[in-house]
Amino acid sequence: MHCTRKIKEDLYWVGAEDRRLALFENIYPIPRGIAYNSYLVKDEKNVLVDTVDYSVGRQFLENIKYVLNEEKLDYLIVNHMEPDHCSLIEELIYKYPEMKIICNNQTIRMIKQFYNFDVDSKVQIVKEGQIFKTGKHEFQFMMAPMVHWPEVMVTYDITDKVLFSADAFGSFGALNGNLFNDDIDIKKQWISEARRYYTNIVGKYGQQVQNLLRKASSLEINMICPLHGVIWRNNLEYIIEKYDKWSKYEAEQKGVLIIYSSVYGNTENVVNTLANYLGEKGIKDIEVYDSSNTDVSYLVAESFRYSNIIIAATTYNLGLFPAIENYLTDIRRQNLQDRTVSIIENSTWVPGIVTKEINKILSEMKNIKILEKTYSIKSSAKDFEYENIKNIGDEVLNSL
């Protein structure tokens, strides 16, 4: 049975949902599943924009068959060659042998790496700014390398003013019957997963995202069709503004993110006391996470969100607690910058190790301001040490 949606007069969504997959790219938890979007434009020449992951291939092929209604599939535009968007290329070649693949020079190499069919006889190469006509519709191609693979391009339908944006403007989460951004409460239901998707998948490539945003700013766009997540048909400035801020590594809001490790609860007690003090002083936006039971992808996303980060960590095997080390390594890998950081350590054996290790990683990142006040707990905090917690809190308040 088909599961399709008509988006515009000639444009159809032919994607599929996957709620069985536990880890996206076998690393990021997706408790709400994932949407694989694909789009079919019916014209004098019928054009499919990207495919889907093999896991939802049966549904996808049924969708295409239904929309085509015995017509030919003339072209497949490949914006992105990651397997969750290109796994059905070979099946389409078999089912629609006259189909041509529209792609750029970088993409050809990757198609040959994944598949064994005669690629050269099937492809039609396009370049930056080139326009391709299929009848009523005119498609223009713009290269978007490293958003987030080197071969990525985006496709702009000049006729309908639709941007097929590849992985840009995407999100984790399956589409529960509501394909469009105005069908749901974006701020409550969606933006957190869009942020987590961007910061973990694309976050490292801020400059490349800025390059794409500059190109897109010259276009009149009425709709954005990403390969994951909701289709944006209004309020486009909201998600574009988010991408602009994220790709500049600017904090979305002034607030405090506290990330801690605590083996026996003593560091956690200090963190709770500090958070309570900050709240008492009027800070409204405070988030506290235990690094041991929070997947690091959520911690990365929250780090992109907040201006101030407090890291409270225990010594472990004469080094940094592994979950905290993993978190710091990840935000460094994702190129996070321009944040204000406070450090609290807990050491029963050798004080100073945690602070040294955290400083070492942060020093390799751009424009990280480490506040001077630190607090070294020796096993557990005593009542007379409350002044140390206040000093940390007051410095954070001043920095805000």
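Residues numbered from 1 in each chain as written. Predicted model: local features only at pLDDT ≥ 70, side-chain atom pairs only at ≥ 80, totals over all residues. Heavy atoms only, no water.

**Observations regarding the overall build of the protein chain**
Part 1 of the reasoning: Counting its regular elements, the protein chain contains twelve helices and 22 strands.
Part 2 of the reasoning: Taken along the three principal axes of its C-alpha coordinates, the protein chain extends 80 × 40 × 35 Å.
Part 3 of the reasoning: Within the protein chain, the proportion of its 400 residues that are buried is 58%.
Part 4 of the reasoning: Contacts spanning at least 24 positions in sequence make up 72% of the contacts within the protein chain whose residues lie at least 6 apart.
Part 5 of the reasoning: Carbon and sulfur atoms form 46% of the exposed surface of the protein chain, whose accessible area is close to 17,300 Å². (Helix = DSSP H or I, 4+ residues; strand = E, 2+ residues; numbered from the N terminus. Buried < 20%, exposed > 50% of the residue type's maximum accessible area, 1.4 Å probe, protein only. Contact = heavy atoms within 4.5 Å. Areas by Shrake-Rupley, 256 points an atom, 1.4 Å probe, with all protein chains shown as cover.)

**What to know about the pattern of salt bridges**
Part 1 of the reasoning: Enumeration according to the criterion identifies 20 salt bridges in this entry.
Part 2 of the reasoning: The partner of Asp74 in a salt bridge is Lys72, with the nearest N and O atoms 3.9 Å apart.
Part 3 of the reasoning: A residue is classified by how much of its surface remains accessible, and Asp74, at 11% relative accessible area, is buried.
Part 4 of the reasoning: With a closest N to O distance of 3.1 Å, Glu128 and Lys215 form a salt bridge. With Glu128 in the loop between strand S11 (123-125) and strand S12 (131-133) and Lys215 in helix H6 (residues 206-216), this residue pair connects regions lying 87 residues apart in the sequence.
Part 5 of the reasoning: Judged by its relative accessible area of 43%, Glu128 is partly exposed.
Part 6 of the reasoning: Overlapping salt bridges, with partners in common, bring together Glu9, Asp10 and Lys136 in one network. (Salt bridge = Lys/Arg side-chain N within 4 Å of Asp/Glu carboxyl O.)

**Observations concerning the side chain of Thr155**
Part 1 of the reasoning: Structurally, Thr155 is set in strand S14 (residues 153-157).
Part 2 of the reasoning: In this structure Thr155 comes out as buried when scored by relative accessible area, which is 0%.
Part 3 of the reasoning: At 2.8 Å, the side chain of Thr155 and the side chain of Asn79 are in polar contact.
Part 4 of the reasoning: Beyond its immediate chain neighbours, meaning those up to four positions away, Thr155 contacts Ile77, Asn79, Phe139, Gln140, Phe141, Val162, Leu163 and Phe164. (Polar contact = N/O pair within 3.5 Å; in protein donor to acceptor, adjacent residues only side chain to side chain.)

**Overview of the nonpolar core**
Part 1 of the reasoning: Judged by nonpolar contacts, the single largest core of 124 residues is most densely connected at Ile89, Leu92, Ile101 and Leu328.
Part 2 of the reasoning: Element by element, the count of residues in this core is highest for helix H5 (residues 186-202), at eight residues.
Part 3 of the reasoning: Counting 18 residues, the second largest nonpolar core, distinct from the first, contains Val271, Leu274, Ala275 and Ile344. (Core = buried A, V, L, I, M, F, W, Y, C linked by side-chain atoms within 4.5 Å.)

**With respect to a nonpolar patch on the surface**
Part 1 of the reasoning: Where nonpolar side chains cluster on the molecular surface, the patch consists of Val263, Tyr264 and Tyr316 and spans about 370 Å² of accessible area.
Part 2 of the reasoning: Tracing the backbone through its elements, the reader meets Val263 in the loop between strand S17 (253-260) and helix H8 (266-280).
Part 3 of the reasoning: Residue class for Val263 comes out partly exposed when judged on its relative accessible area of 39%. (Patch = residues over 30% accessible without salt bridge, like charges linked within 9 Å, V, L, I, M, F, W, Y side chains within 5 Å.)

**Comments concerning the pairing of strand S22 (residues 368-377)**
Part 1 of the reasoning: Here strand S21 (residues 339-346) runs beside S22; their pairing, made up of seven bridges, is parallel. By the bridge assignment, Asn346 is partnered in S22 with Ile377.
Part 2 of the reasoning: Viewed along the sheet, the connection from S21 through helix H11 (residues 353-362) into S22 turns out right-handed. (Pairing = 2+ DSSP bridges. Right-handed = clockwise from strand over helix to strand, strands pointing away.)

**What about the packing of H8 against helix H12 (residues 386-399)?**
Part 1 of the reasoning: At their nearest, the axes of H8 and H12 sit 9 Å apart, and the two run at 50 degrees to each other. Of the possible angle classes, the one that applies to H8 and H12 is oblique. At the point where H8 passes H12, the crossing takes the right-handed sense. Seen from H8, the contacting residues are Val270, Thr273, Leu274, Tyr277 and Leu278; seen from H12, they are Tyr386, Ile389, Lys390, Ile392, Gly393, Asp394, Val396 and Leu397.
Part 2 of the reasoning: For the contact of H8 with H12, the per-class residue count stands at nine nonpolar, two polar and two charged. (Axes fitted to C-alpha atoms, helices over the stretch in contact; angles between N-to-C directions. Parallel < 35°, antiparallel > 145°, perpendicular 65-115°, else oblique. Left-handed = near helix turned anticlockwise from the far one by under 90°. Nonpolar A, V, L, I, M, F, W, Y, C, P; charged D, E, K, R; others polar.)

**Quick look at the sheet that holds strand S10 (residues 100-103)**
Part 1 of the reasoning: Pairing within the open sheet is mixed, and its seven strands lie in the order S1-S2-S7-S8-S9-S10-S11. Looking at which strands have only one partner, the edges of the open sheet turn out to be strand S1 (5-6) and S11.
Part 2 of the reasoning: By the bridge criterion, three bridges tie strand S2 (residues 11-13) to strand S7 (residues 39-41) in an arrangement that is antiparallel. Its bridge partner lying in S7, Trp13 is registered against Tyr39.
Part 3 of the reasoning: The sheet strands contacting helix H1 (residues 57-68) are S2, S7 and strand S8 (47-49), and the helix crosses S7 at an angle near 15 degrees.
Part 4 of the reasoning: The strands that helix H4 (residues 105-114) touches are S10 and S11; relative to S10, the one it contacts most, it runs at about 125 degrees.

**Some details on the packing of aromatic side chains**
Part 1 of the reasoning: Enumeration according to the criterion identifies 16 aromatic pairs in this entry.
Part 2 of the reasoning: When the ring of Tyr243 is compared with that of Trp246, the centres are 5.6 Å apart and the planes differ by 50 degrees; the resulting orientation is tilted. Pair noted here: Tyr243 and Trp246 are both in helix H7 (residues 236-247), with a separation of three residues, about one helical turn. The burial state of Tyr243 is the same as that of Trp246; both residues are buried. (Phe/Tyr/Trp six-rings, centres within 6.5 Å; stacked < 30°, edge-to-face > 60°.)

**Brief notes about the sheet that holds strand S15 (residues 162-164)**
Part 1 of the reasoning: Reading across from one edge, S12-S13-S14-S15-S16 is the order of the five strands in this open sheet, with mixed pairing throughout. The open sheet has two edge strands, S12 and strand S16 (223-225), and neither has a second partner. The sheet shows a mean angle of 25 degrees between the axes of neighbouring strands, direction not considered.
Part 2 of the reasoning: Inspection of the sheet shows S14 paired to S15 by three bridges, in the antiparallel sense. Across the sheet, Thr155 pairs through a bridge with Phe164, a residue of S15.

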